[in-house]
Amino acid sequence: MGYNDVKLIGAWPSPFVMRARIALNLKSVEYEFLQEKFGVKSELLLKSNPVHKKIPVLIHDDKPICESLVIVQYIDEVWSSGPSILPSDPNDRAIARFWASYLDDKWFPTMREMRDAQGEAKKAAISTVMEGLAYMEEAFVKISKGKEFFGGEKIGYLDIAFGCFLGWLRVNEKMNDLKLLDETKVPNLWKWAENFCADNAVKDVMPATEKLLEIVKIIAKSKAP
Ligand SMILES: N[C@@H](CCC(=O)N[C@@H](CS)C(=O)NCC(=O)O)C(=O)O
């Protein structure tokens, strides 16, 4: 597949964009990375994702595909000769999709709230985030069946869906001076995170915590009156 056939509209700090980049890396697909500028939406983005106007958007042969998890599934189906991303068993696939929607609909939004909340609201958000990590620890033990990843020996759909949030999890740990991914409380998840970040498909797209902290400052500045 040639370089010009695949384009990805995104930005390096975005966890959702990272999902598409990891999936493309896993399938060894070359692509052109079209980075959006902070605070400005390009014409191409607005034309390609007129409903949500969000990144990522994958453009394959001039056809745009929106929503990170839809993109990951699309990549898995189109480049089917590469390593499989979704589990082959329908029940395993359903479980992976269940946890991915839990993470997107409940867990990650609460982690975002944690950053801005104060007092009791912050305490409640932290406890929901920790509860989510305990759920994921239990799910990991069941799903991975003693292997390194949710996907078994290789990174799969749920690894991508969850792992892309690790950079922002570390930012939250730093900003709140607490340990969320605690080796003593969620040991399997802690080890999984190490393995995930060290994987060849991930290590070059996982942003350093310090770089993400700079982005937090830029966002705060842009919101300041
Ligand atoms: N559900 C979407 C979420 C994408 C998303 O929230 N992207 C953010 C960047 S991390 C964005 O484009 N935000 C711009 C905006 O909200 O206007 C997905 O999975 O692709």
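Residues numbered from 1 in each chain as written. Predicted model: local features only at pLDDT ≥ 70, side-chain atom pairs only at ≥ 80, totals over all residues.

The name recorded for the protein chain in an unreviewed UniProt entry is glutathione transferase, from Oldenlandia corymbosa var. corymbosa. Per UniProt, the comment on the protein chain under Catalytic activity (unreviewed entry) is "RX + glutathione = an S-substituted glutathione + a halide anion + H(+)". Among the UniProt annotations of the protein chain, the heading Sequence similarities (unreviewed entry) holds the following wording: "Belongs to the GST superfamily. Tau family." (UniProt positions renumbered as here; feature names shortened; annotations may be inferred.)

Trainee: In this structure, what is going on with the UniProt feature "domain: GST C-terminal" (unreviewed entry) in the protein chain? I would like to understand it.
Mentor: According to UniProt, the "domain: GST C-terminal" (unreviewed entry) feature falls on residues 89–219. Secondary structure content for residues 89–219 is 72% helix and 0% strand, while the C-alpha to C-alpha distance between its ends is 42 Å. (Helix = DSSP H or I, 4+ residues; strand = E, 2+ residues; numbered from the N terminus.)

Trainee: Explanation requested: the site of the ligand in the structure shown.
Mentor: Residues in contact with the ligand, as listed here, are Ser14, Phe16, Lys53, Lys54, Ile55, Pro56, Glu67, Ser68 and Leu69. Of the residues contributing to the shell around the ligand, the split by class is four nonpolar, two polar and three charged. (Near = placed C-beta within 6 Å. Nonpolar A, V, L, I, M, F, W, Y, C, P; charged D, E, K, R; others polar.)

Trainee: How should the sheet that holds strand β2 (residues 32–35) be read in this particular structure?
Mentor: The strands making up a sheet are joined through hydrogen bonds of the backbone, oriented either antiparallel or parallel. With respect to topology, four strands assemble into an open sheet ordered β2-β1-β3-β4, the strand pairing being mixed. Each of the sheet's edge strands pairs with one partner strand only, and the pair in question is β2 and β4 (63–66). Sheet twist, expressed as the average angle between the axes of neighbouring strands with direction ignored, equals 25 degrees. Of the strand pairs in this sheet, strand β1 (residues 6–10) and β2 are connected by four bridges, and their pairing is parallel. Note on β2: the bridge partner recorded for Gly10 is Gln35. On the sheet, helix α3 (residues 68–78) packs against β3 (57–60) and β4 and is oriented at approximately 125 degrees with respect to β4. (Pairing = 2+ DSSP bridges. Axes fitted to C-alpha atoms, helices over the stretch in contact; angles between N-to-C directions. Contact = placed C-beta atoms within 7 Å.)

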